[in-house]
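Here's the letter readout for the chains.
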Amino acid sequence: MRITPLLLLISHAALPVTLAEWLDPLSYVDPLIGSQDGGNVFAGATLPYGLAKAVADVDGQNTGGFGLDGSNVTGFSSVHDSGTGGNPSLGNFPLFPQLCRGDDLDSCMYRIDERKVHYVNDSIRAFPGHFAISLESGIHAEMTVSEHAALYRFTFLEGDAHPHIMLDLTDLWKSRQNATIRVDPGTGRMTGNGTFLPSFGAGSYVMHFCVDFFGADVHDTGVWVNSRAGTDPKELYVTRGFNLFYIEAGGFARFTTGKDRTVMARVGISFKSSEQACRSAEAEISEPLTDFDRLVQEATEKWRAKLSPIRVKSGGASEDLLKSFWSGAYRNMISPQNYTGENPHWDSGRPYFDSFYCIWDAFRVQHPFLTVVDPTAQAQMVQTLLDIYEHDGWLPDCHMSLCSGWTQGGSNADVVIADAYHKNLSSGIDWEVALQAVLADAEDEPLEWSFHGRGGLRSWQALGYIPYLDYDPHGFGTNSRSVSRTLEYAYDDYCLATMAGGLGHRDLETKYLERSYNWRNLWRADQTSFINGSDTGFRGFFQPKYQNGTWGFQDPIACSGLASFCSLTTNPSETFEASIWQYLFYVPHSSGALVELLGGDDAFIKRLDYFHTVGLADISNEPVFLTVYMYHYAGRPGLSARRIRTYVPRSFNATPGGLPGNDDSGAMGSFFFFSALGLFPVAGQNVYLISTPFLEEVSVTSPQTGRTATVRCSNFDSMGKNIYVQSATVNGARWTKSWIGHELFTKGWTLELVLGDKESSWGSKREDRPPSFAMKTDPGLALRY
């Protein structure tokens, strides 16, 4: 009997919900959440942070390979990124199975537009470590993975034709520059490599493959170019072609099968060599004919172990919410990916991760999630960022396929490193080296700042802001985003200051605390905002400013849902992927000062309410996340609890279209996770904002210390009536602050929240609000961080 993943999981259909969730969180993980409507998740088989990621690739929503949009399958490939936007990422060297008409090689379909075929909608099965799908051609495909290899099981219809499996020397983006393949005539083994472009970055990368077939005898082999194939020669080299015309090419093998009409294909992947791809595949999948079920079982166990620090008592929460919660946690450990031993540029002897895609998206909640649930992996990722700095000269803001990705805003690796420092994520990290890396971002201007460091540093240092249409001959990059870069640089400098102060460098602390207040330099107190010709009634917004100190202009609603989306490449503006209205609230270190600048608590709340209710807030993009909880800084944490309930379940649910936008390497999932937990991180600071959980009790056992933190609710109401915190205790002692530190997790504290159906005064006093830094020169504002 063939064991299926359904039998490997503990069914919860007949069990009480609370019992089932304690037993097996994997029964709530649905990899297909976000596979529709632009979630762009990777829905296939992978291990935690694994390099090998196998799934069916489609010609529709294929950024993550597969999309549940009813489009056509074009192949089955073994490497992918998850949740990204823009161009499809990876999907290199897809295999495609078919039965050729009349068993005639000349009737085989090779080009993507010729061979593509619809999949059967109700045939899809996706579980952690396993993916299965049937094609309308009658072929059924199952796949699973090890760390560096994928194993496919293709089952063909009965008949006299010889099953045909081709390999295409392409990727999902069709970025291939050149490639080679060699097909062994006796075994059908295919080896080779290709040079490709990263989907959101500079340079190129080389990927190698090794494909072996099992369970059937080789009938014939060869190579193909465009729409024709032949059995001679057995190897091929292909470039872009004349005038960069894209040539489709690859190799094929046909088989004589047994009664089960099954062919197994093992695909090894390496960034170093095809020999290493073969070695990894042979070591990890040594018995392909019998290893399939073992690999699925091992994947199940590894995923269960990764999720095991989290335990939940639902209190009657819906199964939809539980699926969103656990699936969000699962997706956070798909990427970044562990490329240890696969970096062809250097080997530091330490674990190496890649696919930081991108830190601008991930620093806010994904990396804080990993710090809580998998601090070992997060420490290795931080060390990887430092390795990149030591060998490349810069911390990346984005890095994929061993290439530098485009910088989206500030130098946000600075925030990731400061967050790790303040949460005592040591594990051998040299914090003085980390300080040097962050200092390089703050002081050294790169010549090419589209993918290195911070652009416009001379202006930043001299003027205290990034000018509109900045003239900066010392460095080159897209001359845009002056407002968002100014705000992000200010916070980057704050993170540098607090880290330097903690390491005893008081001079640096003072210098960068002062620079962190540069966000004020783009504040225009008399700026108005109109929507459809009507004045919103609010005065004061950030605005672009020229080098000579005069004001430029960007409509505060531009780049919002009420106008048009602003991207880095098509229509760059002075804010990145968000409006001035949205960036108005991005002062994470000085939110208290921002409250005062906007006129005090009531005025701040009025503006924040307006932002969230008229279509300006874009929950599909990461800059809005913290704004949901910023009522805390005005002494109204209950309003944060009420606000998150306007987004859940309206924008987050357990359907294939259950994410409001790109998952962005897990960012959407981690936003949901922390919201359900009732603790929202302020990345770069040792601060979690306390809100009302969506679950009665959640415990997280720290893999770092072995101690268990618990967030527990009294008067919990799964129907969402008792959403306001009335009072709180920590380890039984009264707790009046609306925030708490990471010690909750490392020391294993118990936070108990008493809930009610009316907003209380808990967390409203100034001394109970989250920390906020302000210069001493501001009357009435204390220096506090």
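The rules behind each value
Residues numbered from 1 in each chain as written. Predicted model: local features only at pLDDT ≥ 70, side-chain atom pairs only at ≥ 80, totals over all residues. Heavy atoms only, no water. Disulfide = S-S within 2.5 Å. Helix = DSSP H or I, 4+ residues; strand = E, 2+ residues; numbered from the N terminus. Buried < 20%, exposed > 50% of the residue type's maximum accessible area, 1.4 Å probe, protein only. Domains from an automatic or database assignment. Buried area = accessible area lost by both parts, 1.4 Å probe. Salt bridge = Lys/Arg side-chain N within 4 Å of Asp/Glu carboxyl O. Nonpolar A, V, L, I, M, F, W, Y, C, P; charged D, E, K, R; others polar. Phe/Tyr/Trp six-rings, centres within 6.5 Å; stacked < 30°, edge-to-face > 60°. Pairing = 2+ DSSP bridges. Contact = heavy atoms within 4.5 Å. Axes fitted to C-alpha atoms, helices over the stretch in contact; angles between N-to-C directions.

Structural notes on the state of the cysteines
If you walk through the whole model with that rule in mind, you get four disulfides. Here cysteine 210 pairs with cysteine 278 through a disulfide, and the sulfurs are 2.1 Å apart. Sign of the S-S torsion, about 100° for the bond between cysteine 210 and cysteine 278, identifies this disulfide as right-handed. Of this pair, cysteine 210 sits in strand β13 (residues 205–214) while cysteine 278 sits in helix α4 (residues 274–284), and the two are 68 residues apart along the sequence. Residue cysteine 210 is classed as buried on the basis of its relative accessible area, which comes to 0%. Here cysteine 358 pairs with cysteine 398 through a disulfide, and the sulfurs are 1.7 Å apart. For the disulfide bridge between cysteine 358 and cysteine 398, the dihedral angle about the S-S bond is near -55°, and by the sign convention the bridge is left-handed. Within this pair, whereas cysteine 358 is found in the loop between β21 (353–354) and α7 (359–362), its partner cysteine 398 is found in the loop between α9 (375–392) and β22 (399–400), the two being separated by 40 residues in sequence. We classify cysteine 358 as buried; its relative accessible area is 3%. Judged by its relative accessible area of 1%, cysteine 398 is buried.

Comments concerning the domain arrangement of the protein
For the protein, the assigned domains are domain 1 (33–304) and domain 2 (310–756). Of note, the centres of domain 1 and domain 2, computed from C-alpha atoms alone, are 37 Å apart. It is Ile33, Tyr49 and Phe200 in domain 1 that bury the most area against domain 2; as a group they hold 29% of the surface buried on that side. If you look at where domain 1 meets domain 2, you find zero salt bridges. Counting only elements with at least two residues in the side of domain 1 that touches domain 2, the list comes to β18 (262–270) and α4. When its residues are assigned to classes, the side of domain 1 that touches domain 2 shows 17 nonpolar, 24 polar and four charged.

Focus: the packing of aromatic side chains
Enumeration according to the criterion identifies 46 aromatic pairs in this entry. Between tryptophan 303 and tyrosine 330, the aromatic rings sit 4.3 Å apart at their centres with planes inclined by 50°, giving tilted as the arrangement. Here tryptophan 303, found in helix α5 (residues 288–307), pairs with tyrosine 330, found in helix α6 (residues 319–331); they are 27 residues apart in sequence, far enough to count as distant. Each of the two residues, tryptophan 303 as well as tyrosine 330, counts as buried.

Observations regarding the sheet that holds strand β30 (residues 697–701)
If you trace the six strands from one edge of the open sheet to the other, you get β19-β30-β31-β35-β32-β33, paired in mixed fashion. At either margin of the open sheet sits one strand with a lone partner, and together these are β19 (310–313) and β33 (733–734). Docked against the sheet, α6 engages β19 and β30, running at close to 175° with respect to β19.

Here we look at the pairing of β13
With respect to burial, β13 is a largely interior element, eight of its ten residues being buried. Strand direction decides the pairing type here: strand β12 (residues 190–196) and β13, joined by seven bridges, are antiparallel. The residue of β13 that forms the bridge with asparagine 193 is histidine 208. In this structure, β13 lies alongside β18, joined through seven bridges in antiparallel fashion. From the neighbouring strand, aspartate 212 faces β18, where its bridge partner is arginine 266.

Considerations on the sheet that holds β12
Overall, antiparallel pairing links the nine strands, which are arranged β6-β7-β8-β9-β18-β13-β12-β11-β16 in an open sheet. Among the strands making up the open sheet, the edge pair consists of β6 (125–127) and β16 (235–239). Neighbour-to-neighbour, the strand axes of this sheet turn through a mean angle of 15°, independent of strand direction. Alignment of strand β11 (residues 178–183) against β16, held across five bridges, turns out to be antiparallel. In the strand pairing of β16, isoleucine 181 is matched with leucine 236.

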